[in-house]
Amino acid sequence: MSDAPRPKSNTAKAQDTLRDMIFAGDLMPGSTYLEAELAALLGMSRTPVREAALRLEAQGLLEVRPRHGVRINAIAPEDMDEIYEILTELEGLCAEKAADGNHSPVEVEALETAMLHMDQALKDEDREAWAAADEEFHSALIRLGHNKRAEMICAMYNDQVRRARAVTLWLRPLPTESNAAHRAVCDAILRCDPEAAGRLHREHRREARRLLTDLLRHHGLRHV
């Protein structure tokens, strides 16, 4: 029996492409597209594009409006406030569980590797590489929590955070303090201190929430 991965369906391909275009800003927040326009843009029929749009609607990235096409959702500071409130608690819980010592060396290595990538990106002043490494760190941290439902919820909301972060990435200062906060969380996990790991990570997420929502409000990046 072949172990080769099954090829992606057209719906999955459309979903990935549309998500990438939203994150890259090729499909701007507040803009509206007919299904036929998106299908032509992707070189596909309308059926997989429609199905992909419904999946992305469930993730909060767009709104499917019958007979009126697809509207790319705005990046609202109020939405980010609510999303960060949820992520702060869930990721704080994951940090606490990660520090209980019930993890494999490979899982911990993934966290430390992400930290090294973040440090190198900061040294190079490469903001895009830093954003990728930051996402790598948070994903590794959530996996260390060993809670599949928390992983699913965080993955759904982190898609929206990643989109807002892409918009504000060049407006914020170099993330020196963010790297220091990540290192403090990592060290607490390595010394198996759940109280410190949870507290430090929640403090870091609250500061990230304040910075991102302030940038969205100050620069008028809601795009309604």
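Each chain carries its own residue numbering, running from 1 in the written order of its sequence. With pLDDT at 70 or above as the cut-off, local features in this predicted model cover only qualifying residues; side-chain atom pairs require 80 or more to be listed or tallied, and sums for whole chains, interfaces and linings still use all residues. Side-chain measures here rest on the full set of heavy atoms in the structure, leaving out hydrogens and waters.

Caption draft 1: Here's a closer look at the pairing of strand S2 (residues 62–65). Classification of residues uses two cut-offs on accessible area relative to the type maximum, computed with a 1.4 Å probe and protein chains only: under 20% is buried, over 50% is exposed, and between them is partly exposed. Only DSSP runs of H or I with at least four residues qualify as helices, and only runs of E with at least two residues qualify as strands; both kinds are numbered from the N terminus onward. Residue alternation in S2 divides its side chains into a buried set, Leu62 and Val64, and an unburied set, Glu63 and Arg65. At least two bridges found by DSSP between two strands is the condition for calling them paired. Both S2 and strand S3 (residues 69–72) contribute to a ladder of 4 bridges, which runs antiparallel. What sits directly across from Arg65, in S3, is Gly69. What sits between S2 and S3 in their antiparallel hairpin is a turn of 3 residues, with Arg67 showing a positive phi close to 70°.

Caption draft 2: Focus on the confidence of the model for the protein. Here the protein averages 88 in pLDDT, while 95% of its residues score no lower than 70. pLDDT measures how confident the predictor is about each residue, on a scale from 0 to 100. Within the protein, the lowest mean pLDDT, 85, falls on helix H7 (residues 148–168), and the highest, 95, falls on helix H8 (residues 176–190).

Caption draft 3: Representation of the pattern of salt bridges within the structure. Every case where a carboxyl oxygen of Asp or Glu lies within 4 Å of a side-chain nitrogen of Lys or Arg is listed as a salt bridge. Counting across every chain of the model gives 21 salt bridges. Where Glu89 meets Arg206, a salt bridge forms, and the shortest distance between an N and an O atom there is 4.0 Å. Here Glu89 is found in helix H4 (residues 77–98), whereas its partner Arg206 is found in helix H9 (residues 194–218), with 117 residues between them in sequence. What makes Glu89 partly exposed here is its relative accessible area of 42%. A salt bridge links Glu207 to Arg210, with the nearest nitrogen and oxygen atoms 2.5 Å apart.

Caption draft 4: Looking closely at helix H6 (residues 127–144). Helix span is expected to be 1.5 Å times the residue number reduced by one. Its 18 residues give H6 an end-to-end C-alpha distance of 26 Å, which sits within 8% of 26 Å, the value for a rise of 1.5 Å per residue. Here the buried face of H6 lies against H4, helix H5 (105–124), H7, H8 and H9. Residue Asp126 occupies the N-cap position of H6, its side-chain oxygen lying 3.3 Å from the main-chain nitrogen of Glu128. Looking one or two residues beyond H6, the residue adopting positive phi is His146, at roughly 55°. When checking whether two residues touch, look at their non-hydrogen atoms; a contact exists if any pair is within 4.5 Å. Under the rule applied, a polar contact is a pair of N or O atoms within 3.5 Å (in protein, one hydrogen donor and one hydrogen acceptor; residues adjacent in sequence only if both atoms are side-chain atoms).

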